[in-house]
Number of protein chains: 2
Amino acid sequence: MASIKDVAAEAGVSVATVSRALNGHPSVSPAARARVLAAVDTLGYRPNAVARSLRTDQTRTLGLVISDVMNPYFTELARSVEEEARALGYSVIIGNADERPDLQDHHVTTLLDRRIDGLLVSPTDGGSPRMLDAARAGTPMVFVDRWIPGVDVPVVRSDGRAAVRDLVAHLHGLGHRRLAIIAGPAATTTGRERVDAFREALAAYGLPLPDAYIGQGDFQAGSGRRVTEGFLDLPEPPEVVFAADNLMALGALDAVRARGLRVPEDIGLAAFDDIPWFVHTDPPVTAIAQPTRDLGRAAVRALVERIAGRAGESVALPARLVVRRSCGEPPPAGSAEQPGEHPAEHPPSPSPVRRSTP
Amino acid sequence: MASIKDVAAEAGVSVATVSRALNGHPSVSPAARARVLAAVDTLGYRPNAVARSLRTDQTRTLGLVISDVMNPYFTELARSVEEEARALGYSVIIGNADERPDLQDHHVTTLLDRRIDGLLVSPTDGGSPRMLDAARAGTPMVFVDRWIPGVDVPVVRSDGRAAVRDLVAHLHGLGHRRLAIIAGPAATTTGRERVDAFREALAAYGLPLPDAYIGQGDFQAGSGRRVTEGFLDLPEPPEVVFAADNLMALGALDAVRARGLRVPEDIGLAAFDDIPWFVHTDPPVTAIAQPTRDLGRAAVRALVERIAGRAGESVALPARLVVRRSCGEPPPAGSAEQPGEHPAEHPPSPSPVRRSTP
DNA sequence: CCTCCTCGTGGAATCGATTACACGGAGGAT
DNA sequence: ATCCTCCGTGTAATCGATTCCACGAGGAGG
């Protein structure tokens, strides 16, 4: 592979001139520039990014460590991150942690070894020493979706509180009173927050959230299945199960179906994270949709700010409820909502979206 | 960030000794090694992969350019590729081409600029000049899923011919005669091959594949929708639509539902590529499953062989039919299959898998 | 006791770029 | 005519590793 020396020789100039010509430096004569460009063309020369990175101490690469690639939410996030990064002249290296702290650590380490310019992380746990060290040492870093309390790093996430309130209002309006949740791992902020939001929303309606109705999941389909089986075995099973992510909802659907039961007739189902497939499941699943694209974009922008040495602000974008059929038939469109159904303290957020088929 | 010089100073040895100690070179005294290790520890030193790559001319990184990250088939492929690569001591940089040749070219270029050790590509088209040049120039390269005829590069893919025959047998057995296909882009091998296999299988039953029953898609949901609408507008619409990938099947489902029609009562649907969600759609979708994990593994192994300077063999693993309900109710398990249903020339391959819920 | 290996170590070249600094020549000002 | 400035260019240092080569010390063999 041709190097800058070969180009210099071919063009009959020094390597310095080649470098300057290629980087748009002003003081290069038009003649020299033309000869360099010609030489580049005949040799098919492409600058060696490795050498350049060594010298300039920047790789124009961002690292993204996500919790689980097989989760459509995260793949959409990854996609939008890559898109925005590309627009800003960066490449992205994705590391998939598969919800495993050891894998997360592995990726953070290799990414740091590669001297990426900045790191986007959706932490699976409290954070490995290596990650915390990097954050303290000043490596530009931004948390996406999930974060680690007490670490001074901007957080880009979506706020689901209002949407969860809307969901509970919706369920309550449908007459459901025994509501259960499949929680995410307590080590993650999203795992905890969604339970808290749910409990809070229930409290507003005077509904309890007994421990038996809090199932411990790990954001994977298998745990959704197991927890749901547990719920169904209860003497008094819940009327609706709210899964804290889409994969666990899928598992719940499995479990219900395996018992020969039907959604929503026998038990209702709702999920955090909306994904295209939820429109086509049997039945279509009521879900809380995050503004994934915007999240990815905002995260990259915040990170690039940090790389430039500026602050980089935390962002929390609101999620919104998308009502489908998995919790029971919603009242036909146009029919009046029963007044008094919502407690005065918590008026529903403006117009939860109502979608059927796209 | 501490460099090898800092470690050398701290340990009171030369950089050469540090390098040797860290790379397990035999001729380093135990005492020196211990001092180096201690210095590494106190400084939190990690070797700079960029500098190392420049010197050794290898990055221990593989590039993977896939056609579309949002397609679950490709994300599973990416995952298994990363897994196998990690086991072999490589990192993977994923580039998402989004079925766009220009994006594919962009990623191939940046990957090559980064001097990755090898490239895994699932080409969206006939191949950009840059990619073909790289292949000719001897960059270790392997095609996955799709390939480019006439280029001397190993291909790792799955062979769907037998499964497509099984599918047609299944449809024919259900009494369907008017079968249509939503094809992938003609620029891709998978786009062409699946149509050919389908046509061939139909021919074995004396069934035609009129041009009106071949819809041109692009492996994205939108095209599946459009093509299906076209089919439904036909004076004599097909009884079953076979989508050449899972996204187009999703689009077809949309289109059918938008007309207020039902699957399989009004029209049947089958898809190439099986994905977890097909179990949960309404109805569950009959699909042809590829051994995605094995494909990813085989591809990485072939590529690593090439990097080592060896041949690296092409692989074609068989896909298999998974029957669900989207083409009509399969005969109840245990009931005799109607003899004479299958033409003698093409006995069905051994036992297509029959699955309901996992 | 001298010579020759072997072993551990350090010095320095090297990979391919960027960039500070020096230098020569042209042109303008005095 | 002389001097200064500015422009285009080249030389060489540098980034952080790896690795060839040389060197000194110590041990073995004659």
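The rules behind the values
Residues numbered from 1 in each chain as written. Chains lettered and ligands numbered in written order. Predicted model: local features only at pLDDT ≥ 70, side-chain atom pairs only at ≥ 80, totals over all residues. Heavy atoms only, no water. Near = heavy atom within 4 Å. Polar contact = N/O pair within 3.5 Å; in protein donor to acceptor, adjacent residues only side chain to side chain. Helix = DSSP H or I, 4+ residues; strand = E, 2+ residues; numbered from the N terminus. Nonpolar A, V, L, I, M, F, W, Y, C, P; charged D, E, K, R; others polar. Salt bridge = Lys/Arg side-chain N within 4 Å of Asp/Glu carboxyl O. Buried < 20%, exposed > 50% of the residue type's maximum accessible area, 1.4 Å probe, protein only. pLDDT = per-residue confidence, 0-100. Contact = heavy atoms within 4.5 Å. Least-squares fit on C-alpha atoms with pLDDT ≥ 70 in both. Buried area = accessible area lost by both parts, 1.4 Å probe. Axes fitted to C-alpha atoms, helices over the stretch in contact; angles between N-to-C directions. Parallel < 35°, antiparallel > 145°, perpendicular 65-115°, else oblique.

**Student:** Where do I start with the protein's contact with DNA strand D in this structure?
**Tutor:** Taken together, 26 residues form the shell around DNA strand D, and within it Thr-17 of chain A together with Ile-4, Ser-19, Asn-48 and Arg-55 of chain B come nearest. In this structure, Tyr-45 of chain B approaches DNA strand D through a side-chain N or O atom, which is 2.7 Å from a phosphate oxygen. In the environment of DNA strand D, a base oxygen lies 2.2 Å from a nitrogen or oxygen atom belonging to the side chain of Arg-55 of chain B. Counting only elements with at least two residues in the surface near DNA strand D, the list comes to helix H2 (15–22) and helix H4 (49–56) of chain A together with helix H1 (4–11), helix H2 (15–22) and helix H4 (49–56) of chain B. In terms of residue count, the dominant contributor to the surface near DNA strand D is H4 of chain B (five residues). Split by residue class, the surface near DNA strand D holds 11 nonpolar, nine polar and six charged.

**Student:** So what exactly am I meant to see when it comes to the pattern of salt bridges here?
**Tutor:** Pairing between side chains of opposite charge can happen when the charged atoms of each approach one another. Under the defined criterion, the tally for this structure stands at 36 salt bridges over all chains. Across the salt bridge formed by Arg-79 of chain B and Asp-98 of chain A, the nearest N and O atoms sit 2.9 Å from each other. On the criterion of chain membership, the pair formed by Arg-79 of chain B in helix H5 (residues 72–87) and Asp-98 of chain A in the loop between strand S2 (91–96) and helix H6 (101–113) is interchain, its members lying in two chains. Among the residues examined, Asp-98 of chain A registers a relative accessible area of 12% and is labelled buried. For Arg-178 of chain B, the salt bridge is made with Glu-239 of chain B, and the minimal N-O distance between the two is 3.8 Å.

**Student:** Can you help me understand the protein's contact with DNA strand C in this one?
**Tutor:** The immediate surroundings of DNA strand C are formed by 26 residues, with Ile-4, Ser-19, Asn-48 and Arg-55 of chain A together with Thr-17 of chain B found nearest. Near-protein atoms of DNA strand C (within 4 Å) split between backbone and bases, with sugar and phosphate holding 62%. Take Asn-48 of chain A: an N or O atom from its main chain is 2.7 Å from a phosphate oxygen of DNA strand C. Within the side chain of Thr-17 of chain B, one N or O atom sits 2.6 Å away from a phosphate oxygen of DNA strand C. Counting residues per element, the ones that place at least two in the surface near DNA strand C are helix H1 (4–11), H2 and H4 of chain A together with H2 and H4 of chain B. The element contributing the most residues to the surface near DNA strand C is H4 of chain A, with five residues. Across the surface near DNA strand C, the residue classes tally to 11 nonpolar, nine polar and six charged.

**Student:** Explanation requested: the confidence of the model for chain A in the structure shown.
**Tutor:** In regions of low pLDDT, the predicted coordinates are not meant to be interpreted in detail. Per-residue pLDDT for chain A averages 90, and the proportion of residues at 70 or more is 92%. Note that residues 334–352 of chain A has pLDDT below 50 and, in this model, 17 contacts with residues that lie over four places away or in other chains.

**Student:** Teacher, can you tell me more about the relation of the copies chain B and chain A here?
**Tutor:** Mapping chain B onto chain A calls for a screw motion: a turn of 180° about the axis and a shift of 0.0 Å along it, with 0.1 Å RMSD after fitting. On this basis, the relationship between the two copies can be described by a two-fold rotation axis. Relative to the rotation axis, the C-alpha of Thr-281 of chain B is the closest in chain B, positioned 1.9 Å from it. Of all interface residues in chain B, 100% are interface residues in chain A too; the two copies therefore contact each other through one and the same surface.

**Student:** Looking at this structure, I do not really get the interface of chain B and chain A. What am I missing?
**Tutor:** Where interface size is quoted, it is often the accessible area lost as the parts come together. Contacts between chain B and chain A engage 51 residues on the former and 51 residues on the latter. With both chains or domains summed, chain B and chain A bury close to 4600 Å², and 59% of this area falls on carbon and sulfur atoms. Of all residues in chain B, Arg-115, Trp-277 and His-280 of chain B give up the largest surface area on contact with chain A, accounting jointly for 17% of the area buried on that side. Remark: the boundary between chain B and chain A carries four salt bridges. A salt bridge links Arg-46 of chain A to Asp-113 of chain B, with the nearest nitrogen and oxygen atoms 2.6 Å apart. Where chain B touches chain A, the interface holds 20 residue pairs in polar contact (both at pLDDT 80 or more). For the side of chain B that touches chain A, the secondary structure elements donating two or more residues are H4, H5, strand S2 (91–96), helix H6 (101–113) and helix H11 (246–258) of chain B. Looking at the side of chain B that touches chain A element by element, the count peaks at seven residues for H5 of chain B. Across the side of chain B that touches chain A, the residue classes break down as 21 nonpolar, 15 polar and 15 charged.

**Student:** Could you clarify how one ought to interpret the packing of H6 of chain A against helix H7 (residues 129–137) of chain A in this entry?
**Tutor:** How two helices pack is summed up by the angle between their axes together with the distance between the axes. Residues and elements named next belong to chain A. Here H6 crosses H7 at 40°, and the two axes come no closer than 9 Å. By the angle class used here, H6 and H7 are oblique. Taking contact as the criterion, the partners of Asp-105, Val-108, Thr-109 and Leu-112 in H6 are, on H7, Arg-130, Met-131 and Ala-134. Residues belonging to the contact of H6 with H7 are distributed by class as follows: four nonpolar, one polar and two charged.

**Student:** So what exactly am I meant to see when it comes to unusual backbone geometry here?
**Tutor:** A negative phi angle is the norm for most residues apart from glycine, just as the trans form is the norm for most peptide bonds. Cis geometry marks the peptide bond from Asp-282 of chain A to Pro-283 of chain A; its omega dihedral reads -5°. Not every positive phi belongs to a glycine, and Asp-57 of chain A is a case in point at roughly 60°. In the Ramachandran plot, Asp-273 of chain B falls in the positive-phi region, its phi being about 85° despite a non-glycine side chain. Looking at the secondary structure, you find Asp-273 of chain B in the loop between strand S9 (268–272) and strand S10 (286–289). With a relative accessible area of 4%, Asp-273 of chain B lands in the buried category.

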